[in-house]
Amino acid sequence: MPTPLSHPPLLVLCHHAEDQATLLTMPLRELFSGGELFTTLGRDDLRYVHAKERGACATVARWLQRHPDGVVVFNGANVFRAWPALRLLLLANGKYRNRQVAYWREGATILRDMTGLEGPSRLRRMGRRLRFAVVRRLLTNNRTWHVVNSKQCKQLILYLFGIGADRIYVSGSTTNVQACPTGDRFHERPDIRVCMAGDLYHHKGYDLFARIAAEFRACNGRELRYTWYGGNPDWIEQVRKRLFVNGGLDERVTYAGYMRPLVDAMVHDDIFLLTSREESFGVAALEALACDLPVFCFDSVGIAEILPDEFVCSDRADMIDKLRHYLGRMTEYPSGCFRAIAMRQSPEGRYGEAWKRLFARMATKG
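Residues numbered from 1 in each chain as written. Predicted model: local features only at pLDDT ≥ 70, side-chain atom pairs only at ≥ 80, totals over all residues. Heavy atoms only, no water.

## Considering the sheet that holds strand 3 (residues 71–75)
Across a sheet, strands are paired by hydrogen bonds formed along the backbone, either parallel or antiparallel in direction. The test is simple: Strands are treated as partners if at least two bridges between them are detected by DSSP. Each helix corresponds to a stretch of at least 4 residues labelled H or I by DSSP, and each strand to a stretch of at least 2 residues labelled E; elements are numbered beginning at the N terminus. Axes, fitted as lines to C-alpha atoms, cover a helix only where it is in contact. Angles between the N-to-C directions of the axes lie from 0 to 180 degrees.
Sheet architecture is open: 6 strands sit in the order 2-1-3-4-5-6, paired in parallel fashion. Two strands close off the open sheet at either side, each with one partner strand: strand 2 (46–50) and strand 6 (168–170). For this sheet, the mean angle separating the axes of adjacent strands, direction not counted, is 20°. Pairing of strand 3 with strand 4 (residues 99–104), which is carried by 5 bridges, proceeds in the parallel orientation. The partner of N75 across the bridge, within strand 4, is Y103.

Printed below as a string of structure tokens:
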């Protein structure tokens, strides 16, 4: 187990209870608690608060009183979409004026929604713009720093908040690589198993995944089988109807629903296709790398920044071409080479170094 990173007193605010947040808090847990839930540690210097739960404001106020040198971490864009979290932000800024970190892990769709650029109605968009104006004001000061998952996300935050680049740290993401089983890419199965994981939203690219499955059926005499992990039964049924009944696509994708833990399912696959149009990084893709699976992605997602060029694609046709090229020479990639990419994102590697630099900067600023 890695040694947790030393840190000032931290309070992490999220829009989910910690035992339900899963991927939202896993990187922070790997860094600060060795993978343990914050709420089970019983430590006051490392607290987790569900922003929507009853009594959250009082809990945060008491913690801020006890730790005037503490740092509040707002975990993700969605925490700012909850009015209780906005009250907590006002409290932290107006009365106690603690240092704070906005930790951004989202792609462009969620950020556009948060800022009011998108929404189901004009009234909703106006309300979101008003709320974002308040959030922007409270996160644009000399007590606030930002951590982002990718350089692309950094550019979005620079644009939205109009702050200096020296206040943003690019961390990537991390996972417990040692806990991920290693797959065997050199097996002699007659089929090749391709997978993707995520909620069944359009920006996750479930339609692209299905179209690739319809277009790319076999290679070198081996059939390709496709599996999508994620999505509740209602969503899965809607997607099946839209793609296969109305869309005319062959039903070549298995929608397996949520799998816990996901790595225990992915380890039996051969390839991970990140068909998301705008993923800020992609923890599931990082877990696939940890299982020693190659990951193919588009150049519009954050994990492209750590992958070799032959796995970064410009469009669907390019992804199929690069996938075919890889399958023709897959034995040239030695065992463990993809897992090594995930290892470089460890708490001792790129991910931890970004937070170390941030805390050092905070210490020099007082």
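There's more to say after this.
## Side note on helix 4 (residues 56–66)
Formally: A simple rule labels every residue: compare its accessible area, found with a 1.4 Å probe on the protein chains alone, to the largest value its type can have, and call it buried under 20%, exposed over 50%, or partly exposed in between. In what follows, residue pairs with any heavy atoms lying within 4.5 Å of each other are defined as contacts.
Considered for burial, the residues of helix 4 that qualify are A56, T59, V60, A61, W63 and L64. As for helix 4, its buried residues are in contact with strand 1 (10–14), strand 2, strand 3 and helix 5 (83–96).

## Quick word on the pattern of salt bridges
Heads up, the condition is: One side-chain nitrogen of Lys or Arg within 4 Å of one carboxyl oxygen of Asp or Glu is enough to make a salt bridge.
Counted by the stated rule, this structure contains 23 salt bridges. Between R193 and D191 there is a salt bridge, with the nearest N and O atoms lying 3.7 Å from each other. On the basis of relative accessible area, R193 is assigned to the partly exposed category, the value being 25%. Owing to a relative accessible area of 8%, D191 belongs among the buried residues under this scheme. The structure contains a network of salt bridges with shared partners spanning R189, D191, R193, R225 and D270.

## Here we look at the packing of aromatic side chains
Using the following cut-off: By convention, a stacked pair of Phe, Tyr or Trp rings (six-membered ring in the case of Trp) has centres within 6.5 Å and planes under 30 degrees apart, an edge-to-face pair has planes over 60 apart, and any other such pair is tilted. Note on criteria: charge over ring means Lys NZ or Arg CZ within 6 Å of the ring centre, with the direction from the centre no more than 35 degrees off the ring normal.
In total, this model carries 20 aromatic pairs according to the counting rule given. Look at F80 and W104: their rings are 5.6 Å apart centre to centre, the planes differ by 35°, and that puts the pair in the tilted class. Taken together, the residues span a long stretch of sequence, with F80 in the loop between strand 3 and helix 5 and W104 in strand 4 at a distance of 24 residues. One aromatic cluster is present, formed by F74, F80, W104, F132 and F161 through successive ring pairs. One cation-aromatic arrangement involves R105 over Y103; the distance from NZ or CZ to the ring centre is 5.7 Å. Above the face of the W145 ring, R167 is positioned so that its terminal group lies 4.5 Å from the ring centre.

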